[in-house]
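This is what each chain is made of:
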Amino acid sequence: MHSRQAPFDELDRKILTALMANARTSFAEIGAAIGLSATAVKRRVDRLREAGVITGFTATVKPSALGWRTEAYVEVYCEGAAPPRRLAEVVRNHPEITAAMTVTGGADALLHVRARDVEHFEEVLERIRTEPFIRKTISVMVLSHLLPESPEAGASHPAPGDAADVR
């Protein structure tokens with residue numbers, strides 16, 4: 001990803017909004033909605049990709065369709081100062097972890113975990129806890145999504161959530 005910031009205008013924002021709502025929307029459809037030709041939309045999308053603003057196009061799939069019916073957030077507390085690079089190595093070894101970030105506050109990191117069921121989640125949690133620098137974890141199970149159309153309602157690793165067709 002490039003570090004330089006691309007100049008944005010209102011048409012770029014409209015293109016990005018359309019693609020985020022439905023990445024399969026054609027350049028012609030986007031152009032018709034915002035007053036540009038399909039060629040002009042393609043040029044702008046190419047420029048946004050080159051600038052690293054658009055980083056890819058993905059399909060989203062309901063996690064339950066893949067058997068992921070249990071979801072939780074896990075706060076991770078480390079002994080001493082665990083470098084983010086080391087935490088990243090650990091979370092990459094667990095396919096059930098769909099997002100991970102370092103955070104402010106008491107915890108060192110926050111993990112978003114998807115599992116088949118509670119037993120599978122417990123097994124994942126135990127694997128995470130075997131890391132020698134992890135002092136403790138605190139888990140919060142997700143009961144329901146209040147914003148079902150949000151990215152968090154579907155995972156980006158093993159592909160989740162329904163893509164809304166917004167035009």
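Our structure's up above, just so we're on the same page.
Residues numbered from 1 in each chain as written. Predicted model: local features only at pLDDT ≥ 70, side-chain atom pairs only at ≥ 80, totals over all residues. Heavy atoms only, no water.

> Any chance you could explain the packing of aromatic side chains here in plain terms?
The description of an aromatic ring pair rests on the distance of the ring centres and on the angle between the ring planes. According to the stated counting rule, one finds 0 aromatic pairs in the structure shown. Sitting over the ring of Tyr-77, Lys-136 keeps its end group 4.7 Å from the ring centre. (Phe/Tyr/Trp six-rings, centres within 6.5 Å; stacked < 30°, edge-to-face > 60°. Lys NZ or Arg CZ within 6 Å of the ring centre and 35° of its normal.)

> Just to check I follow, could you spell out the pairing of strand E2 (residues 97–102) for this structure?
Within a regular strand, the side chains alternate between the two sheet faces. The pairing of E2 with strand E3 (residues 109–115) spans 5 bridges and is antiparallel. Bridging across to E3, Thr-102 finds its partner in Ala-109. Counting the residues that bridge the hairpin from E2 to E3 gives 6 residues, and of these Gly-105 lies at a positive phi of roughly 100°. (Pairing = 2+ DSSP bridges. Helix = DSSP H or I, 4+ residues; strand = E, 2+ residues; numbered from the N terminus.)

> Sorry if this is basic, but what is going on with the pattern of salt bridges here?
Should their charged atoms come close, side chains of opposite charge can pair. In this structure the tally under the stated criterion is 10 salt bridges. Across the salt bridge formed by Asp-12 and Arg-44, the nearest N and O atoms sit 2.8 Å from each other. Here Arg-44 lies in helix H3 (residues 38–50) and Asp-12 lies in helix H1 (residues 10–21), a separation of 32 residues in the sequence. Taking the relative accessible area as the measure of exposure, Arg-44 reaches 18% and is therefore buried. Between Arg-86 and Glu-131 there is a salt bridge, with its nearest N and O atoms 3.1 Å apart. Note that Arg-86 is positioned in helix H4 (residues 84–92) and Glu-131 in the loop between helix H5 (118–129) and strand E4 (134–141), a separation of 45 residues in sequence. With a relative accessible area of 30%, Arg-86 lands in the partly exposed category. (Salt bridge = Lys/Arg side-chain N within 4 Å of Asp/Glu carboxyl O. Buried < 20%, exposed > 50% of the residue type's maximum accessible area, 1.4 Å probe, protein only.)

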